[in-house]
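Chain and residue survey
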Amino acid sequence: MFKRIPIFLFFLIGVFLYLPAQSGQIQALNFDVPPLLAPVTAQPPEIRSVAAVLADAETGAVLYAKNPHEEISPASLSKLMTMHLVLKEAAAGRISLDDIVPIGTESWAQSQPPRSSLMFLAPGQIVTLREILLGLAVSSGNDAAVAAALKVAPSVRDFAAMMTMEARRMGLYQTRFVEPSGISEYNMTTAAEFTAFCREYIRLYPNSMAEFHSVPEFAYPTADNVAPAFRDNPRTIVQANRNALLNTLSGVDGLKTGYIDEAGYNIALTAQRAETRFIAVILGAPAQPGGDQIRDADGSRLLSWAFDNFKTVRPVVGRIEPVRLWKGRANAVEFVTDGPVHFTSPVGRSHALSYSAVINEPLVAPLPVNFPAGYLVFYDEDGEVNRVPLLTARAYEQGNIFKRFLHSIRLLFLR
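Residue indices follow the written sequence of each chain, beginning from 1 at its first position. Whole-chain, interface and lining totals are the exception, using all residues; otherwise, since this is a predicted model, local features are given only for residues with pLDDT of at least 70 and side-chain atom pairs are given and counted only at 80 or more. Only heavy atoms go into the side-chain values, all of them from the structure, while hydrogens and water stay out.

**As for the overall build of the chain**
- From N to C terminus, the chain includes 11 helices and 16 strands.
- Contact definition: two residues touch when any of their heavy atoms are within 4.5 Å. Within the chain, contacts between residues separated by at least 24 positions form 68% of all contacts whose residues are at least 6 apart in sequence.
- Here the chain displays about 19400 Å² of accessible surface, and carbon together with sulfur accounts for 55% of that area.
- A positive count includes Lys and Arg, and a negative count includes Asp and Glu. His and the chain ends are not counted in either. Charged groups are reduced to one reference atom each: NZ for lysine, CZ for arginine, CG for aspartic acid, CD for glutamic acid. Of the charged side chains in the chain, 37 are positive and 39 negative; the average position of the first set lies 8 Å away from that of the second. Each helix is a run of DSSP H or I of at least 4 residues and each strand a run of E of at least 2, with the numbering of both proceeding from the N terminus. Areas reported as accessible are Shrake-Rupley estimates using a 1.4 Å probe. Residue values count occlusion only from the protein chains shown.

And the structure:
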C-alpha cells in the first residue's frame, strides 16, 4: 500500500505531521573563543586529516577547528542519522526496538554493493530492530542500514529524503543524504555540522553509548536468528567494533567510524572523564593504507589535548534576588538566565566559584518578557571566568498614574 505513495506526497506527510511535533533546531556550536580559553586554544595539536572540529558536548564551545565548513562525504557516519531516525520513532512510540524487522531482498547482505561492510542479513532470518541497531553501530552493516530504513519508510529513497529533511529541521544546511548507509559519495556533511548533530544525538540518547556504540563486538546470526533447520550451525560471525579508540584511549565510548575512497577515513568520537565530555569529528584522513591509523592518531591527539587542558564547569546557582521595578504595577523584577550557566574552563581555573548579579538599573516599566536586564557573573580566585545574560522572567506592566508620577520624581533625584 505505502509503496504506491509518490515521494512528493510522502514529503507533505512529513511536513504536516512529522515536523510540527519536532519543532526547533539543535543548539549551534559556539565558535567564539572566550578570553578565558584563548591562551590554551592558541596551541592545539597538529593533525593530518582534512577537517576536524572538537567541542565540549555540554556547552558547545569549540576548542579546535580545521576546515570546519568544508563539505566532505560522511561515509558510514551517515549511519548515525539512520540510527537517530529509528530511535526517534521508537521514542515517539511508533515502533519498538523489540519489533521483528522484515528482511526483504533489498536488505540481504548479498544485495549490497561491492566492498560493503555487512551485518550478514540473509533470507529467512528473524531479527529485532535492536539487533539491527547493533549491526549498524558495531558492524557498520550496509545491509542493516537498508533494513532500518525500510522499517521506518516505504522505500530507501523515501528514508534518505527523511534524513535530509531531518538535517534541515535541525538547522544543518550543508548536510544531505541520498541513501542511509554512507556508501555513496553524494552524502555530504561538514565537520561543524556533524559535530552539532552528534551533540544533539548524545543529548537525546545518552544511553546509546552503552547500548550500542561502545559494545566491543557483535555476533550474528545466532541460533535465535535462523530457521530451526540451521540452529545447530547458524554460522555465527563475530565482528569487533570498528572504533579502535574504544580500547586504547580512556573515556572513549562512541560513536562511529567511516570510510569510502572519495572521502578517506572519518570518525565521530566522544569521550567522557569525570563530569566532562568532548566530541571530535574528524573527516578526510588519507585514503591510503594506514589512513585509519592516521585518523585514530588525530582523534587521540585532539581528545587527549582537550582533557589535559579543559573541563566542563557546572555552577550551582540559587535564587537570584529580585530588583526594584520603577513605575510598574509590580514592585520588583524577577530574573531568569538566558540559557544554562555551565561553561568550559581551563583545568587550572574555576576551583572556588562565586557569582553576583550585575543589573542595568534602574528598571522602569513597561518591560517585556525576556528583556535583557544584566548579567550573572562568575568569579574564581583570579577573576571573572564567565557571564550569563539575565532576562526578565515575565512582562511587567506600568502602574497607575499616581505611582508613575511619584516614581518619576524620585528617579530625578537618583540620577
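From this point, things continue past the structure.
**Quick look at the pattern of salt bridges**
- When a carboxyl oxygen of Asp or Glu is within 4 Å of a side-chain nitrogen of Lys or Arg, the pair counts as a salt bridge. For the coordinates displayed, the defined rule picks out 18 salt bridges.
- A salt bridge links Arg 94 to Glu 89; the nearest nitrogen and oxygen atoms lie 2.9 Å apart.
- For each residue, the accessible area found with a 1.4 Å probe, counting protein chains only, is set against the maximum for its type, and the residue is called buried under 20%, exposed over 50%, and partly exposed in between. By relative accessible area, which is 48% here, Arg 94 ends up partly exposed.
- Relative accessible area serves as the criterion here: at 9%, Glu 89 is assigned to the buried category.

**With respect to the layout of surface pockets**
- What the largest pocket holds in volume is close to 580 Å³.
- The method works on a 1 Å grid over the protein atoms by themselves. A cavity is a set of points holding a 1.4 Å probe that cannot get out, a pocket is an open set with protein on both sides within 12 Å along at least five of seven lines, and residues with an atom within 4 Å of a point line them. Asn 30, Thr 59, His 342, Phe 343 and Asn 386 are, among the 25 residues lining the largest pocket, the residues nearest its centre.
- Those elements that place two or more of their residues in the lining of the largest pocket are strand 12 (343-346) and strand 16 (383-392).
- At six residues, strand 16 tops the list of elements feeding residues into the lining of the largest pocket. Grid points are joined across faces, edges and corners, and a volume is the space filled by probe spheres set on the points.

**Describing the environment of Ala 365**
- Secondary-structure assignment places Ala 365 in the loop between strand 14 (363-364) and strand 15 (372-380).
- Ala 365 sits 112 residues away from Asp 253 along the chain, and the two C-alpha atoms are 51 Å apart.
- The residues touching Ala 365, leaving out its near neighbours within four places in the chain, are Leu 325, Trp 326, Lys 327, Gly 328, Tyr 396, Glu 397 and Gln 398.

**Re the pairing of strand 2 (residues 62-66)**
- Note that strand 1 (residues 51-56) and strand 2 share four bridges and pair antiparallel. Paired with Leu 54 across the bridge in strand 2 is Tyr 64.
- Two strands make a pair as long as DSSP finds a minimum of two bridges between them. Between strand 1 and strand 2, which pair antiparallel one after the other, the connecting turn spans five residues, and Gly 60 there sits at a positive phi close to 80°.

**Overview of the sheet that holds strand 11 (residues 335-337)**
- Read from one edge of the open sheet, four strands run 11-16-15-13, paired in antiparallel fashion. The open sheet has two edge strands, strand 11 and strand 13 (354-359), and neither has a second partner. Along the sheet, successive strands turn relative to each other by an average axial angle of 35°, direction set aside.
- Relative to strand 16, strand 11 runs antiparallel, the two being bridged by three bridges. Bridging from a neighbouring strand, Thr 337 pairs with Leu 390 of strand 16. Only the stretch in contact is used when fitting a helix axis, every axis being a line fitted to C-alpha atoms; angles between N-to-C directions are given from 0 to 180 degrees.

**Some details on the packing of helix 5 (residues 142-152) against helix 6 (residues 156-169)**
- Two numbers describe how helix 5 lies on helix 6: the axes approach to 8 Å, and their chain directions differ by 85°. When the interaxial angle is binned, helix 5 and helix 6 end up roughly perpendicular. For the pair helix 5 and helix 6, contact is made by Val 146, Ala 149, Leu 150 and Val 152 and by Val 156, Phe 159 and Met 162, respectively.
- Three classes are used, and their members are as follows: Ala, Val, Leu, Ile, Met, Phe, Trp, Tyr, Cys and Pro are nonpolar, Asp, Glu, Lys and Arg are charged, and the others, Gly among them, are polar. For the contact of helix 5 with helix 6, the per-class residue count stands at seven nonpolar, no polar and no charged. Roughly parallel covers angles under 35 degrees, roughly antiparallel covers those over 145, roughly perpendicular covers 65 to 115, and oblique covers all other angles.

**Quick word on the nonpolar core**
- Within the largest apolar cluster, 66 residues are counted, with the highest numbers of intra-cluster contacts made by Ile 132, Phe 197 and Cys 198.
- Leaving out residues up to four positions away in the same chain, Ile 132 has contacts with Val 101, Met 119, Leu 121, Val 127, Ala 144, Ala 147 and Ala 148.
- Grouping buried Ala, Val, Leu, Ile, Met, Phe, Trp, Tyr and Cys residues that are joined through side-chain atoms within 4.5 Å yields what is termed a nonpolar core. Residues Leu 245, Ile 267, Leu 269 and Trp 305 belong to the second largest nonpolar core, which totals 23 residues.

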